[in-house]
Amino acid sequence: MNKTLILIILFVYSCKPEISNNIVVTSPDDKIQVELKLDQGMPQYAIQVDDKKLLKSSALGYRFRDQPDLVGPFQLVNSNTEMIEEDWEPVWGQEKSINSLSRMIKLELRERLVPHRQLNLYFRVFNDGVAFRYEIPKQVGLDSLFIIEELSEFRFARDGKSWWIPGSHAFDSYEQLHKVSRLSEIDSANTPLTYITEDDLYISIHEANLTDYAGMTLKRSRSDSLNFLSNLVPWPDGDRVKTSAPMRSPWRTICIGRSATDLLRSRMILNLNEPNQLSDVSWIKPMKYVGIWWGMHINKYTWVQGDQHGATTENVMSYIDFASEHDIQGVLAEGWNKGWEAWGQEGALQLTEAYDDFDIGAVVEYAKVKNVTFIGHHETTANVAAYEHQLESAFAYYDSLDISAIKTGYVGAIKPSGQFHYGQWMVEHFRRVVQLAASHRISLDVHEPVKGTGIERTWPNMMTREGARGQEWNAWSEGNPPDHTTILPFTRLLAGPMDYTPGIFDIRFDRYKPDNKIHSTLAKQLALMVVLYSPLQMAADLPENYENQPAFQFIQDLEVDWDETLYLEGEIGKYVTIARRHGSEWFLGAITNDEARELEIAMDQMVRGDQVAECYVDTEDAHWDNNPYPIWIGSYKVSPSDTLKARLAPGGGMAIRLRPLTEEEMGQKLVSISDLRQDQEARE
Ligand code: NOJ
Ligand code: CA
């Protein structure tokens, strides 16, 4: 895919204001103002949106292990402001072209007192939010830096309702249900942290371009319940970041919207990352995939070789047959390699040795003939020290087999012990793997990852990741309640694509696990494939549960790489409707929490001329808990002037494929979309 980059610097100016002067930097549309000042030499920033105060004066700075805090008093040596505009094309994504427009200021500060250390601050003000980062330039006497605290504050002016997962007790797992509380009741949180202010601003705090640094969590200040402090994930010795000058921190981001869907539209995180580093991207392929996966989670198969082994040559070949017959481009196999029987034991992982009943060479050849991508797997059991030893050989092995995509996993506590999944050591490990994979032309789907911060712009082989409670939790826990997937788009998914693994048709899987089930209707499982964006999108169920199921046609037809995306409506934790275009077709997904919902969508946003809508929607009596299967499937004619009306069941959803009329259909009289609502009712 070709990539163009137009960088227009509209203007640059320098100034040296008096120390006491405030500098105001506004967004290109002037609606967001960032006020910067040195308060008695201490740097502070505040944010105002639509004339409402969002953040009160908030402090900035660093605390080091072996030298004085870098907090001031400073003098302003220089400042530059520039408007930056860029249009760029992602290798894959939710749209073909992305615009980035922001005003950026660089403040060059120097301590007033000896040793006169220098600190640069960058602020970028977009129409959809504010970002800032620190830079410690190279300077005499500052080589190694051991950061024990980043002193960034986020002092919110108003309380509000927030959606979050705990932070500082969970440097190791994002796989939690979101808590919903007042902002002021949060003790610590991972990011993205999303909240609606009392004056109706939609805010998400996160970070962009997490490179050579520790992940940021937030903790509430003891003295001010609306003040949140950056709390970096530590090393075993308590240091947060071990680095040297020059160094740049990730961007701290405050995404700002006037509606929930504004948050979904924002591309600020991607825009704050460096351009694509890979010249040849022909091997990076968005795709749908199936896999030897759900079968293990519901105990049909085992990872370990034995009677029930999932990843046998024969079984994986049958999945490949299924994929090639149904327009699915990839097949994942977990449990293909030796070592699963010794889970957790030192040296158990054998990432270059297949189980005896799995002929990996033959499988890969078979996949090639069938035009299917075989997706490899590295489970590390979080023994990263051991994984690092095998890394080169494990990737070279897959490369020698011409495997171009793999899933990795980091279940459990990190070894060496004391390291956390989200600390600097792991951030660096994850990046090393992305770069090594790129050098072998391999794309990645990472489970138990560090959060996304937009690095897929720079490394587009970093395609998708887990990093939240995915579908697997429905297989072996009390499950994900119906509102979970109506929260994820507004929280976790703001960080980037997610491998949720939707598309389970056998909602109750009673044959395998009568005490567990999926907490949604079947139609909602289809809708999730559109709503939860992932360029590697899994149709997670067993092939036998898709065979002869009319609803599977939607998955078969579904695209996963998009020219354009419309966020039609949404409220956090309640409902969301998203439409995505690929060529001349649109795919629409609408989901609701455990409340039924009457949906009305004006079709002129998507439809030009007459088209056909293939609808997959809950019947009138469907219910996630006691009647999850009934689905109404019908094709209708749609014109731009139509309004689509449908009812989503409690815990339900709707999926639509909108396509041009075939020649045959042009001569026929098709039922109008206005009949959909009554057709749903008739099926009660
Ligand atoms: C946890 C991952 O999320 C899941 O997808 C995988 O099947 C298991 N680990 C085993 O690797
Ligand atoms: Ca997981």
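Residues numbered from 1 in each chain as written. Chains lettered and ligands numbered in written order. Predicted model: local features only at pLDDT ≥ 70, side-chain atom pairs only at ≥ 80, totals over all residues. Heavy atoms only, no water.

Take the pairing of strand 11 (residues 144-150) next. By the bridge criterion, three bridges tie strand 6 (residues 62-64) to strand 11 in an arrangement that is antiparallel. In the strand pairing of strand 11, R63 is matched with E149. As paired strands, strand 11 and strand 20 (residues 241-244) are joined by four bridges and run antiparallel to one another. Bridge pairing links I147 to V241 in strand 20. (Pairing = 2+ DSSP bridges. Helix = DSSP H or I, 4+ residues; strand = E, 2+ residues; numbered from the N terminus.)

With that out of the way, let us pick up the domain arrangement of the protein chain. Its domain assignment divides the protein chain into domain 1 (17-271), domain 2 (287-550) and domain 3 (578-683). A C-alpha centroid distance of 31 Å is found between domain 2 and domain 3. Contacts between domain 2 and domain 3 engage 22 residues on the former and 30 residues on the latter. Of all residues in domain 2, R508, T521 and V530 bury the most surface against domain 3, accounting for 27% of the area lost on that side. Taken together, the connections running from domain 2 to domain 3 amount to one salt bridge. (Domains from an automatic or database assignment. Contact = heavy atoms within 4.5 Å. Buried area = accessible area lost by both parts, 1.4 Å probe. Salt bridge = Lys/Arg side-chain N within 4 Å of Asp/Glu carboxyl O.)

Turning next to the side chain of R267. With respect to the helices and strands, R267 occurs in the loop between helix 1 (260-265) and helix 2 (268-271). Judged by relative accessible area, R267 falls into the buried class, the value being 11%. The contact partners of R267, leaving out residues within four places of it in the chain, are Q94, E95, I98, D128 and Y567. (Buried < 20%, exposed > 50% of the residue type's maximum accessible area, 1.4 Å probe, protein only.)

Attention now goes to the coordination of the calcium ion (ligand 2). Protein-derived coordination of the calcium ion (ligand 2) comes from E175 (OE), E175 (OE), E448 (OE), E466 (OE), E466 (OE) and E472 (OE), at a distance range of 2.3 to 3.1 Å. Read from N- to C-terminus, the donor residues coordinating the calcium ion (ligand 2) fall into the pattern E-x272-E-x17-E-x5-E. For E466, a relative accessible area of 1% puts it in the buried group. (Donors = N, O, S within 2.8 Å, 3.2 Å for Na, K, Ca; no water.)

What follows concerns the pairing of strand 37 (residues 653-660). Among the eight residues of strand 37, seven are classified as buried, and the element is accordingly described as predominantly covered. Pairing geometry for strand 32 (residues 585-592) and strand 37, over six bridges, is antiparallel. Considered in strand 37, the bridge of I591 is made with G653. In the sheet, strand 34 (residues 611-618) pairs with strand 37 via seven bridges, with the strands oriented antiparallel. Opposite C615, over in strand 37, you have I656 as the bridge partner.

As for its placement among the helices and strands, M666 is situated in helix 13 (residues 663-666). The exposed category is assigned to M666, whose relative accessible area is 57%. For the pair formed by M666 and L218, sequence separation is 448 residues and the distance between their alpha carbons is 57 Å.

Moving on to the side chain of S266. Positionally, S266 belongs in the loop between helix 1 and helix 2. A distance of 3.2 Å separates a polar side-chain atom of S266 from the backbone nitrogen of M268. Beyond its immediate stretch of four places on either side in the chain, S266 contacts D128 and C255. (Polar contact = N/O pair within 3.5 Å; in protein donor to acceptor, adjacent residues only side chain to side chain.)

Close contacts around ligand 1 come from 13 residues, with E334, E379, K407, H447 and E472 the closest. With respect to ligand 1, the side chain of E466 contributes an N or O atom lying 3.0 Å from an oxygen atom. Protein contact buries 95% of the 300 Å² of open area that ligand 1 shows by itself. Of the residues in the shell around ligand 1, the class split is four nonpolar, three polar and six charged. (Near = heavy atom within 4 Å. Areas by Shrake-Rupley, 256 points an atom, 1.4 Å probe, with all protein chains shown as cover. Nonpolar A, V, L, I, M, F, W, Y, C, P; charged D, E, K, R; others polar.)

Attention now goes to the nonpolar core. One finds Y45, I47, F154, F156 and I360 to be the most contacted residues of the largest nonpolar core, which totals 158 residues. Counting residues per element, this core draws most heavily on helix 7 (residues 424-439), at nine residues. Setting aside chain neighbours within four positions, we find I360 in contact with W336, A354, F374, Y397, Y398, L401 and I403. By size, the runner-up hydrophobic cluster in this structure holds 34 residues, among which are W163, A260, M498 and Y500. (Core = buried A, V, L, I, M, F, W, Y, C linked by side-chain atoms within 4.5 Å.)

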